[in-house]
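Summary of the model geometry
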Protein chains: 2
Amino acid sequence: MKLTPKKIIEFVESLKFDTKTKLIPAVVQDYKDNTILMLAYMNKESLIKTLQTKKMWYYSRSRKKLWMKGEQSGHLQLVKQVYIDCDNDCLLFKVKQVGEASCHTGYRSCFYRKLDSKGNLKIIAKKIFDPKKVYTL
Amino acid sequence: MKLTPKKIIEFVESLKFDTKTKLIPAVVQDYKDNTILMLAYMNKESLIKTLQTKKMWYYSRSRKKLWMKGEQSGHLQLVKQVYIDCDNDCLLFKVKQVGEASCHTGYRSCFYRKLDSKGNLKIIAKKIFDPKKVYTL
């Protein structure tokens, strides 16, 4: 996938970013086994950077700035496929997760807790890395 | 999964609904083959109804009201598993999709369009039903 600047702008302009936040949610899925890794938000700039570089860029609502996934940890997400939903207001990216883990807690997926039959949250995965050793902030 | 009212409230109160919209996004995935079917939003009431009935209920931002998935089409979504993400601000539901198709356009998934190598959107699925015959509004 090698997109011209014109095609990138055409695609970005076809989307419905939230009228207030100017963001669009992006679901991120492993391109091989379809595990959902995370959900994050993009503004136009982060989506353009994602399509230009084929690496996932997001907009952090808490830090109010762009960030490239893996910029600290090295756990980049390489874009394999891009989908949009019926309403043009949600994106789906199938990616190759470098280092296997997408979650800053060290788990492969951010969805590592499941409601059990009694209504308690249970951790259903094993940590792939120790966040204290990866994030030095 | 049979949850007591106390456990349902405990779970709902542990989540971070958006401070402005009072909504939380829910990613919906087929429980058998992990296809992502759709993304929609829930408020507290729709989440409580979902956990009580084991059928997916959402909050429609355009119609500003609760809706049960399949209330018109019969294409209910039956809850199989519930996950939350690391930040407590996104839900993942694995469901059994009655009638196979989750999208109101007649496709199985709302993500039926993919960006091709030249930057054009291509429909990558076949319609399961004709929306004109299912929705009579």
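Throughout this description, residue numbers start from 1 for each chain and increase along the sequence as written. For naming, the first written chain is A and the first written ligand is 1, with later ones following in the order written. Restriction of local features to residues with pLDDT of at least 70 applies here, the model being predicted, together with a cutoff of 80 or more for giving and counting side-chain atom pairs; totals for whole chains, interfaces and linings are based on all residues. Side-chain measures were taken over the full set of non-hydrogen atoms in the model, leaving aside hydrogen atoms and water.

Re the packing of helix α1 (residues 5–13) of chain B against helix α2 (residues 44–53) of chain B
Residues and elements named next belong to chain B. Let me state the cut-off plainly: The convention used is that axes are lines fitted to C-alpha atoms, helices contributing only their stretch in contact, and that angles between N-to-C directions extend from 0 to 180 degrees. Going along the chain from the N terminus, every DSSP run of H or I of four or more residues is numbered as a helix, and every run of E of two or more is numbered as a strand. Angle categories are assigned with fixed cut-offs, so that under 35 degrees is roughly parallel, over 145 is roughly antiparallel, 65 to 115 is roughly perpendicular, and the rest are oblique. Rotating anticlockwise by less than a right angle from the far helix to the near helix defines a left-handed crossing, while the corresponding clockwise rotation defines a right-handed one. Contacts: residue pairs with any heavy atoms within 4.5 Å of one another.
One can describe the packing of α1 onto α2 by two numbers: an axis separation of 10 Å at closest approach and a directional angle of 140°. As far as their axial angle goes, α2 and α1 are oblique. Every pair of crossing elements has a handedness; the one defined by α1 and α2 is right-handed. Mapping the contact onto sequence places I8, I9, F11, V12 and E13 in α1 and K44, L47, I48, L51 and Q52 in α2.

Section: the side chain of A:S46
Here A:S46 lies in helix α2 (residues 44–53). Not counting residues within four places of it along the chain, the set of residues in contact with A:S46 comprises A:W57, A:Y58, A:Y59 and A:L66.

Some details on the confidence of the model for chain A
Convention followed: Every residue gets a pLDDT, meaning the predictor's confidence in that residue, from 0 to 100.
Summary statistics for chain A give a mean pLDDT of 96 and a share of 99% for residues scoring 70 or more. Across the interface, the model reports ipTM at 0.95; the global pTM reads 0.96.

Considerations on the packing of aromatic side chains
The relative placement of two aromatic rings is captured by the distance of their centres and the angle of their planes. What counts, and what does not: Stacked, edge-to-face and tilted labels apply to pairs of Phe, Tyr and Trp rings (six-membered ring for Trp) whose centres lie within 6.5 Å, assigned for plane angles under 30 degrees, over 60, and everything in between, in that order. By definition here, charges over rings are those cases where NZ of Lys or CZ of Arg is within 6 Å of the ring centre and within 35 degrees of the ring normal.
Under the definition given, this model contains four aromatic pairs over all chains. Ring centres of A:Y107 and A:Y112 lie 4.0 Å apart, and the angle between their planes is 15°; this geometry places the pair in the stacked category. Sitting over the ring of A:W57, A:K49 keeps its end group 4.8 Å from the ring centre. Over the ring of B:Y31 we find B:K80; its NZ or CZ atom is 5.1 Å from the centre of that ring.

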